[in-house]
Amino acid sequence: MTTIRLHNTKTRRKEEFIPLDPKNVRMYVCGPTVYDRAHLGNARPVVVFDVLYRLLRHVYGADHVTYVRNFTDVDDKINARAAATGRDIRAITDETIGWYHADMEALGTLRPDLEPRATEFIAPMVAMIADLIAKGHAYEAEGHVLFAVESYADYGALSGRSIDDMIAGARVEVAPYKRNPMDFVLWKPSDDQTPGWESPWGRGRPGWHIECSAMSYELLGASFDIHGGGNDLQFPHHENEIAQSACAHPEGDFARYWLHNEMLQVEGKKMSKSLGNFFTVRDLLDGHDGQPPVPGEVIRFVMLGTHYRKPMDWTEKKRVEAERTLSKWSSQVMDRDGEERPNAKFLAALADDLNTAGAIAVMREMSKSGDYDGLAHAAKLLGLDLGNFDLVLAGMHNADVSLRQYDLSKFEDQLLELRNAAVHSKDFSKVDTMKRALADAGVEVRMSKSRVELITLKDFDPTKLEGLR
Ligand SMILES: [Zn+2]
């Protein structure tokens, strides 16, 4: 069996991954707060943990891996969006979840096995909060319930900070009812305009952190294997998740391996609305600000070109190179199903703390040496759909939709007929003439033993096909 090694934030070391139960490997990743389109930076953890999910499925079997990613559908940002637009909260969260699924699927990511919505797990959250109060780790104050950080000696261990450091470095919400400024909200009161649920502490809503602790416990148990997320979540979110879960369920380990991906930049700068370099995944997929559309495979490939624990820089240069590489690989793996045995070197790179950059380097070698079956398999394992990549790319570059969808099937039939005849007569002159005419008209010709495929390119001009009718 392939040995997977993962860098564990908890121990700050690369460790061999040994699941609690190889028949039931469990991973939890913090999901989005659903009120707006995902930006490119939001997509990085989704792609990173999708690769890990695929690797775990490859090693342990698809039926033996459970991947949970939550939707935060109760949050003050959602409430603010509802107030600003006059729309129903559920309509906003449903619509955003639909966008999220479509955008992430365009990046070749698989849906997690379970996608719990916070609002569907309020009762388990209330039960966990009550349990934390009973055990002396939380207290009620002015309609709020707060977690008492001083009641948990290991608070700060994940990020390696002391409570004093955290107070000094963090933007802590100061409130008169807090015993310690670091104490964080488990439950807060809701007014009539804000979503709320009945609880022993009055009508209110949960804090953000408790949702992941309660949902992971309900769906994966008190001990599970991997917890993932962006490194911006390490503190305070993950620190607080650990405190809640460890105190509510001291019988368990909570998550045993913590993985954090680094952030994304654009052309060397932090992506921000004020710098004018902010864009959503959908902006890229559809084309924005005069830029051509970018296929999802290209976005995925560029992201995987950088190791997940390093900052990833999205650049125009990388986009162009990725298009070129995937285009070449697409024509090389044509008609191959990717069902071959995996290339050991490729798999070893991937299993070495998800060294996707190293894995891609092995794929470049396979492309060069003509190991197209290996390349097809590697692409499949990495979640890159090369099957019709050129077709997608060519279509995207054709701004005119009618040209993109131009029906070339009769020319495909005609060329196949000519080719079959030429195989018998050994005279390929008619085939060559037609191929030249097609190329002239901006059509790429691909021929395999059994079929002919014609693809319109950017400079496709259907009027030049008239002579072929
Ligand atoms: Zn979380």
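Residues numbered from 1 in each chain as written. Predicted model: local features only at pLDDT ≥ 70, side-chain atom pairs only at ≥ 80, totals over all residues. Heavy atoms only, no water.

## Regarding the overall build of the chain
Then comes step 1: A count of helical and extended segments in the chain gives 17 helices and 15 strands.
Then comes step 2: With the C-alpha coordinates aligned to their principal axes, the bounding extent of the chain is approximately 90 × 55 × 35 Å.
Then comes step 3: Considering only contacts within the chain whose residues lie at least 6 apart along the sequence, 74% involve residues at least 24 apart.
Then comes step 4: Working note: accessible area of the chain is about 21,300 Å², and carbon and sulfur atoms make up 49% of it.
Then comes step 5: Between the centroid of the 58 positive side chains of the chain and the centroid of its 71 negative side chains there is a distance of 5 Å. (Helix = DSSP H or I, 4+ residues; strand = E, 2+ residues; numbered from the N terminus. Contact = heavy atoms within 4.5 Å. Areas by Shrake-Rupley, 256 points an atom, 1.4 Å probe, with all protein chains shown as cover. Lys, Arg positive; Asp, Glu negative; His and termini not counted. Charge placed at Lys NZ, Arg CZ, Asp CG, Glu CD.)

## Considering the pattern of salt bridges
Then comes step 1: Enumeration according to the criterion identifies 24 salt bridges in this entry.
Then comes step 2: Notably, a salt bridge pairs Glu323 with Arg319, separated by 2.9 Å at the nearest N-O pair. Of this pair, Glu323 and Arg319 both sit in helix α10 (residues 316-332), separated by four residues, roughly a single helical turn. Across this residue pair, the class does not change: Glu323 and Arg319 are buried. (Salt bridge = Lys/Arg side-chain N within 4 Å of Asp/Glu carboxyl O. Buried < 20%, exposed > 50% of the residue type's maximum accessible area, 1.4 Å probe, protein only.)

## Describing the coordination of the zinc ion
Then comes step 1: Of the protein atoms, only Cys30 (SG), Cys212 (SG), His237 (NE2) and Glu241 (OE) coordinate the zinc ion, at distances of 2.1 to 2.2 Å.
Then comes step 2: One can describe the donor arrangement at the zinc ion as irregular, given that its four donor atoms subtend angles of 80 to 128 degrees at the metal.
Then comes step 3: Positions of the donor residues of the zinc ion, expressed as sequence spacing, correspond to C-x181-C-x24-H-x3-E. Here Cys212 is found in helix α6 (residues 208-220), whereas its partner Glu241 is found in helix α7 (residues 234-248), with 29 residues between them in sequence.
Then comes step 4: Glu241 sits in the buried class, given a relative accessible area of 0%. (Donors = N, O, S within 2.8 Å, 3.2 Å for Na, K, Ca; no water. Tetrahedral: all angles 85-135°; square planar, octahedral: opposite > 155°, others 65-115°.)

## Digging into the environment of Ala348
Then comes step 1: Note on placement: Ala348 falls in helix α11 (residues 344-351).
Then comes step 2: Assessed through its relative accessible area of 46%, Ala348 is described here as partly exposed.
Then comes step 3: With 103 residues separating them in the primary sequence, Ala348 and Arg451 have C-alpha atoms 36 Å apart.

## Digging into the domain arrangement of the chain
Then comes step 1: Segmentation of the chain into domains returns domain 1 (5-261), domain 2 (271-389) and domain 3 (398-468).
Then comes step 2: One C-alpha centre belongs to domain 1, the other to domain 3; they are set 54 Å apart. (Domains from an automatic or database assignment.)

## Observations concerning the nonpolar core
Then comes step 1: Counting 73 residues, the largest nonpolar core has Leu56, Trp314, Phe346 and Met363 as the members making the most contacts within it.
Then comes step 2: Take this core: its biggest share by element is 13 residues, from helix α1 (residues 40-60).
Then comes step 3: Per-domain counts for this core show at least three residues from each of domain 1 (5-261) and domain 2 (271-389).
Then comes step 4: The residues contacting Met363, other than those within four sequence positions of it, are Trp329, Phe346, Leu375, Ala378, Ala379, Leu382 and Leu384.
Then comes step 5: Core analysis: the next-biggest nonpolar cluster, separate from the first, contains 41 residues, Tyr152, Tyr155, Trp201 and Ala243 among them. (Core = buried A, V, L, I, M, F, W, Y, C linked by side-chain atoms within 4.5 Å.)

## Some remarks on the sheet that holds strand β8 (residues 204-206)
Then comes step 1: Judged by pairing direction, the sheet is antiparallel, and its four strands sit side by side in the order β5-β6-β7-β8 without closing on themselves. In this open sheet, the two strands that pair with only one neighbour each are β5 (138-141) and β8. Within this sheet the neighbouring strands show an average axis-to-axis angle of 20 degrees, counted without direction.
Then comes step 2: Sheet topology note: the strand β7 (residues 184-189)/β8 ladder contains three bridges and is antiparallel. (Pairing = 2+ DSSP bridges. Axes fitted to C-alpha atoms, helices over the stretch in contact; angles between N-to-C directions.)

## Remarks on the side chain of Asp183
Then comes step 1: Positionally, Asp183 belongs in the loop between α5 (163-169) and β7.
Then comes step 2: A distance of 2.7 Å separates a polar atom in the side chain of Asp183 from a polar atom in the side chain of Tyr139.
Then comes step 3: The residues contacting Asp183, other than those within four sequence positions of it, are Tyr139, Leu146, Phe147, Ala148, Val149 and Lys178. (Polar contact = N/O pair within 3.5 Å; in protein donor to acceptor, adjacent residues only side chain to side chain.)

## Quick notes on the sheet that holds strand β9 (residues 223-230)
Adjacent strands of a sheet form backbone hydrogen bonds with each other and so pair up, either parallel or antiparallel.
Then comes step 1: The strand order across the open sheet built from four strands is β4-β3-β9-β10, with neighbouring strands paired in parallel fashion. A single partner strand is all that each edge strand has here, and the edge strands are β4 (65-69) and β10 (254-261). With direction set aside, neighbouring strand axes in the sheet form an average angle of 20 degrees.
Then comes step 2: As judged from the three bridges shared by strand β3 (residues 25-29) and β9, these two strands associate in the parallel manner. In the strand pairing of β9, Tyr28 is matched with His227.

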